[in-house]
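Listed here are the chains, written in short residue letters.
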Amino acid sequence: AQSVTQLDSQVPVFEEAPVELRCNYSSSVSVYLFWYVQYPNQGLQLLLKYLSGSTLVKGINGFEAEFNKSQTSFHLRKPSVHISDTAEYFCAVSGGNYQLIWGAGTKLIIKP
Amino acid sequence: NAGVTQTPKFQVLKTGQSMTLQCAQDMNHEYMSWYRQDPGMGLRLIHYSVGAGITDQGEVPNGYNVSRSTTEDFPLRLLSAAPSQTSVYFCASSYGVGDNSPLHFGNGTRLTVT
C-alpha cells in the first residue's frame, strides 16, 4: 500500500532563514505529488504539484520542491521564510481510485 | 467567488444525536469529497463523489452517509454521533476526477461530540 511520511511534526526556524520540510513516499508506480498549506483556522490550499517533466517545481509564496524518484522524496524548500509562512504543511501523493494519500503534516514555526 | 462553502463552522452534539454538515461549491466541479482531520493523522477520506448521483466510500466511511443530488451540493450526515467523531471536517472539490486535479477546500466544520 502507498504511504506518505513527513519526517518532522514541527520545524522551528528563525525568520529570514531557509527551511526544508521533508516528505518521503512509498509507491511502485508513477505518482502525482502535492504540497498543501493550511493557515490557522482555514482549509488547505494547494502550494505546488508535480505531475511530470522537470523535477524542480515552483509554487506560490516562494516555495519550491524537488521530486527525487530514486529516493522517493518530494522535499519542500524556501530560501528565506517570513512570519506569514507560519502554517501546517501537508504532503500528498495520488493513491489511485480518486484518492490522495496524505502525510501527517509538518507545523512550520517561525521564530522572530 | 465563494469557492467551497461549509456550514456550520462549529457544532456541539450529544452522543446519539444526528446532524448534517453542509457543503456547496460554485465552481461546477465534478469531484467532491469529505475528509476528517485529527491531530497527527493528516486527512482521512470519508466519502467522495465523481458526479451527481454517484458516491463511494473512502478510508473511514463508518457512521457517515452522503448523497449527491446536484453538482453543487454534497452533504455529510452523521447518523448517530459518537465521541470518536469529534474532529474537524473538510469538504473539498476539484474540476477533474483524475489524480492530478488539485483540491479546493472549504474552511472546515469543527464538531465536538460529548
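Before reading further, recall that the structure is shown in the block above.
Everything in this summary refers to the structure shown in the same document. (Residues numbered from 1 in each chain as written. Chains lettered and ligands numbered in written order. Predicted model: local features only at pLDDT ≥ 70, side-chain atom pairs only at ≥ 80, totals over all residues. Heavy atoms only, no water.)

Details of unusual backbone geometry
Filter applied, for reference: Secondary structure elements are defined from DSSP: runs of H or I of at least 4 residues count as helices, runs of E of at least 2 residues count as strands, and each element is numbered from the N terminus. When a residue's accessible area, from a 1.4 Å probe over protein chains only, is under 20% of the maximum for its type it is buried; when over 50% it is exposed; and in between it is partly exposed.
The amide bond that connects Thr7(B) to the next residue, Pro8(B), takes the cis arrangement and shows omega of -5°. Mapped onto the fold, Pro8(B) is located in the loop between β1 (4-7) and β2 (10-13). With a phi close to 75°, Glu16(A) is a non-glycine residue in the positive phi region. Within the element layout of this structure, Glu16(A) appears in the loop between β2 (10-14) and β3 (19-21). For Glu16(A), a relative accessible area of 64% puts it in the exposed group. Within the chain, Asn41(A) stands out as a residue other than glycine whose phi angle is a positive 60°.

A look at the interface of chain A and chain B
Accessible area lost during the coming together of the parts is what is often quoted as the interface size. Put simply, the test is: Contacts are assigned to residue pairs that have any heavy atoms within 4.5 Å of one another. By definition, the buried area sums, over both parts, the 1.4 Å-probe accessible area that each loses when the two are put together. Any carboxyl oxygen of Asp or Glu within 4 Å of a side-chain nitrogen of Lys or Arg constitutes a salt bridge here. Polar contact criterion, stated in full: a pair of N or O atoms within 3.5 Å, where within protein one must be able to donate a hydrogen and the other to accept it, and residues adjacent in sequence count only if both atoms are side-chain atoms.
Residue-level contacts link 22 residues of chain A with 22 residues of chain B. Carbon and sulfur atoms make up 57% of the surface buried where chain A meets chain B, a total of about 1,700 Å² over both sides. On the chain A side of the interface with chain B, the three residues burying the most area are Leu44(A), Tyr98(A) and Trp102(A), jointly 35% of the side's total. Between chain A and chain B we count 0 salt bridges in total. Inspection of the region where chain A meets chain B yields 4 residue pairs in polar contact (both at pLDDT 80 or more). Elements with a contribution of two residues or more to the side of chain A that touches chain B: β5 (33-38), β6 (44-50), β10 (87-96) and β11 (99-102) of chain A.

Some points on the packing of aromatic side chains
This is how it is decided: Each pair of aromatic rings taken from Phe, Tyr and Trp, with Trp reduced to its six-membered ring, is defined by centres within 6.5 Å and is described as stacked if the planes are under 30 degrees apart, edge-to-face if over 60, and tilted in the remaining cases. Note on geometry: a ring has a charge over it if NZ (lysine) or CZ (arginine) is within 6 Å of the ring centre and within 35 degrees of the ring normal.
Counting across every chain of the model gives 13 aromatic pairs over all chains. Look at Tyr36(A) and Trp102(A): their rings are 5.2 Å apart centre to centre, the planes differ by 50°, and that puts the pair in the tilted class. In this pair, Tyr36(A) is assigned in strand β5 and Trp102(A) in strand β11, connecting sequence segments 66 residues apart. By the burial criterion, Tyr36(A) is buried, and Trp102(A) matches it. Measuring from centroid to centroid gives 6.1 Å for Tyr35(B) and Phe105(B), while their planes differ by 35°, and the two rings are tilted. Of this pair, Tyr35(B) sits in strand β4 (residues 31-37) while Phe105(B) is found in strand β10 (residues 104-105), placing the two residues 70 residues apart along the sequence. Through a chain of ring-to-ring contacts, three or more aromatic side chains come together here, namely Phe34(A), Tyr36(A), Phe90(A), Trp102(A), Tyr35(B), Phe90(B) and Phe105(B). In this arrangement the basic side chain of Lys111(A) is found over the ring face of Phe14(A), its NZ or CZ atom lying 4.2 Å from the centre.

Quick word on the side chain of Gln6(B)
Its location among the elements puts Gln6(B) in strand β1. Here the side chain of Gln6(B) touches Gly108(B) through a polar contact of 3.1 Å, landing on its backbone nitrogen.

A few points about the pattern of salt bridges
Residues and elements named next belong to chain A. Evaluation of the coordinates by the stated rule reveals 7 salt bridges over all chains. In this structure, Arg-22 engages Asp-8 in a salt bridge whose closest nitrogen and oxygen atoms are separated by 3.1 Å. With Arg-22 in the loop between β3 and β4 (23-26) and Asp-8 in the loop between β1 (3-6) and β2, this residue pair connects regions lying 14 residues apart in the sequence. Note on Arg-22: relative accessible area 32%, which makes it partly exposed. Glu-20 is paired through a salt bridge with Arg-77; the nearest N and O atoms lie 2.8 Å apart. With Glu-20 in strand β3 and Arg-77 in strand β9 (residues 73-78), this residue pair connects regions lying 57 residues apart in the sequence. Take Arg-77: its relative accessible area is 28%, and that puts it in the partly exposed class. Sharing partners across several salt bridges, the network here consists of Glu-20, Glu-66 and Arg-77.

All we've got here are geometric facts, nothing functional implied.
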